Amino acid sequence: MLRAIRLVVFCVLFLSVLGFAQNNSVQPQLQQPAALAPLQTFDINAAVNAYLAKMPAARRARSDAYFEGGYWLLLWDFLVSAFVMWLLLRFRWSEKMRNLAERITRFRPLQTVLYWLQFMIVTSVATFPMTVYEGFFRERKYDLMNQTFGEWMRDQTVGLAVSLVLGAILMVPLFGLVRKLGQNWWVWGAVLMIVFFTFVSLIAPVYIAPLFNRYKKLEDVRIKDPILQMARANGIPAKDVYEFDASKQSNRVSANVSGFGSTMRISLNDNLLNRCTLPEIETTMGHEMGHYVLNHAYKGLIMFGVVIVIAFAFVNWGINWALARWGTAWGVRGITDMAVLPLAVIVFSLFLFLTTPVTNTITRTMEFEADMYGLNAARQPDGEANVDMMLGEYRKLDPGPVEEFLFYDHPGGRTRITAAMRWKAEHPETASTEEISRVLFPQK
Ligand SMILES: [Zn+2]
């Protein structure tokens, strides 16, 4: 009660002092900068809605349906994979694959490799109908696919070969650890996994990405020069920017930061180059530079490292629980037997499925930070809003808050455009009439 009275007294005193200052005009009048003038008249929400209206309704409905279908695919992918893994255990195929590997060699690391090869081929074949629907026919249906079936199959085969090799590189030391440490494998297993992720991101831009797309240094000085200028201004020691022929696969506009340490680089795809204006390219590059300057690769590794430690602890618990019940029926000798892999995959993908909102929030938060960085670096809020609209071709533009929290690994269109317009409201001099009036989705 006493505190409330004190607060009221304080407020009255404070307000009367303010009133005194205003009435008597003892202080010199602060000059209002001219540029701030539109601040009062600029309606952020109206500007956001005007951008969202750039996409024709039919197109918007198609993009929404595509993205919402993806929510269900999360569930179906998990269920299909779990079902296939269960078949491998229930009908003792996993046990047979292990027996075959042991018959061929007595050398344990090689046994792991041989089991892994059989496992990958069998599961890829078993889940193939789902893969084709999801990766080819569905993309085709929503007009997001530029490949023929043959070209798509070629990419799938290369992808499988990469998984075989990289998976073997992971599985040999991982099962070595399990055999050495028994029930305590999961802590060091998680450390190994983090080292493995680092290794893969280190080699990815140099050895993996070029298997799917042709990468070359960006030569066009009209684009390269402003980008490198922005890079220098932001303390990025880049001499080159890379471009790649993503139009081979689809029309999606995109750019990325890839690599680790010395292989880290910024690449932009040719759709971005062909479909976007310079301000739009600049704001996208500003976003990518944000990932770089804010050390998102390293922070992401730490945050996902924590997720992996918890995931492996869960996997360890889940495996022991299930083996105690069905281990004998499945012919799996124990946690150190590589025939346990299908079970490990079930428990691990259950964990990832349940923690999707957590992992999404980790990336979405960093993406939003990169957006803020890009706005400040490129100073192109209208270009940013246009790019956000173009990303709306494959990501629902205006989700509800819960939907965005659960399913979005990047902020939704409305969130991103609102941030851009909020920034513009404070920097009215950066408004661009060309960008505002630009038609993004010409009606065919
Ligand atoms: Zn990003």
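Scroll up a little and you will see the structure.
Keep in mind that this is a model prediction, so the values were computed, not measured. (Residues numbered from 1 in each chain as written. Predicted model: local features only at pLDDT ≥ 70, side-chain atom pairs only at ≥ 80, totals over all residues. Heavy atoms only, no water.)

Trainee: Account for unusual backbone geometry, with residues named and values stated.
Mentor: Unlike most non-glycine residues, Arg92 shows phi in positive territory, near 60°. By secondary structure assignment, the location of Arg92 is in the loop between α3 (57–90) and α4 (93–104). Using a relative accessible area of 29% as the deciding quantity, one classes Arg92 as partly exposed. (Helix = DSSP H or I, 4+ residues; strand = E, 2+ residues; numbered from the N terminus. Buried < 20%, exposed > 50% of the residue type's maximum accessible area, 1.4 Å probe, protein only.)

Trainee: Pulling in residues and values, what's your account of the sheet that holds strand β1 (residues 215–217)?
Mentor: With mixed pairing, four strands are arranged side by side in an open sheet as β1-β2-β4-β3. Sheet topology places β1 and β3 (255–258) at the edges, where each strand pairs with a single neighbour. Going across the sheet, the axis of each strand differs from the next one's by a mean of 30°, ignoring polarity. The pairing of β1 with strand β2 (residues 242–244) spans three bridges and is classified as antiparallel. Following the sheet pairing, Lys216 is matched in β2 by Glu243. (Pairing = 2+ DSSP bridges. Axes fitted to C-alpha atoms, helices over the stretch in contact; angles between N-to-C directions.)

Trainee: Any chance you could break down the pattern of salt bridges for me, citing the residues and the numbers?
Mentor: For the structure shown, the criterion picks out 19 salt bridges. The residue Glu95 makes a salt bridge to Arg92 at a minimum N-O spacing of 3.2 Å. Among the salt bridges present, the one from Arg275 reaches Glu393, with a minimum N-O distance of 2.6 Å. Here Arg275, found in helix α10 (residues 270–275), pairs with Glu393, found in the loop between α15 (381–391) and α16 (401–407); they are 118 residues apart in sequence, far enough to count as distant. The exposure class assigned to Arg275 is partly exposed, which follows from its relative accessible area of 25%. When salt bridges that share partners are traced, they join Arg59, Arg275 and Glu393 into one network. (Salt bridge = Lys/Arg side-chain N within 4 Å of Asp/Glu carboxyl O.)

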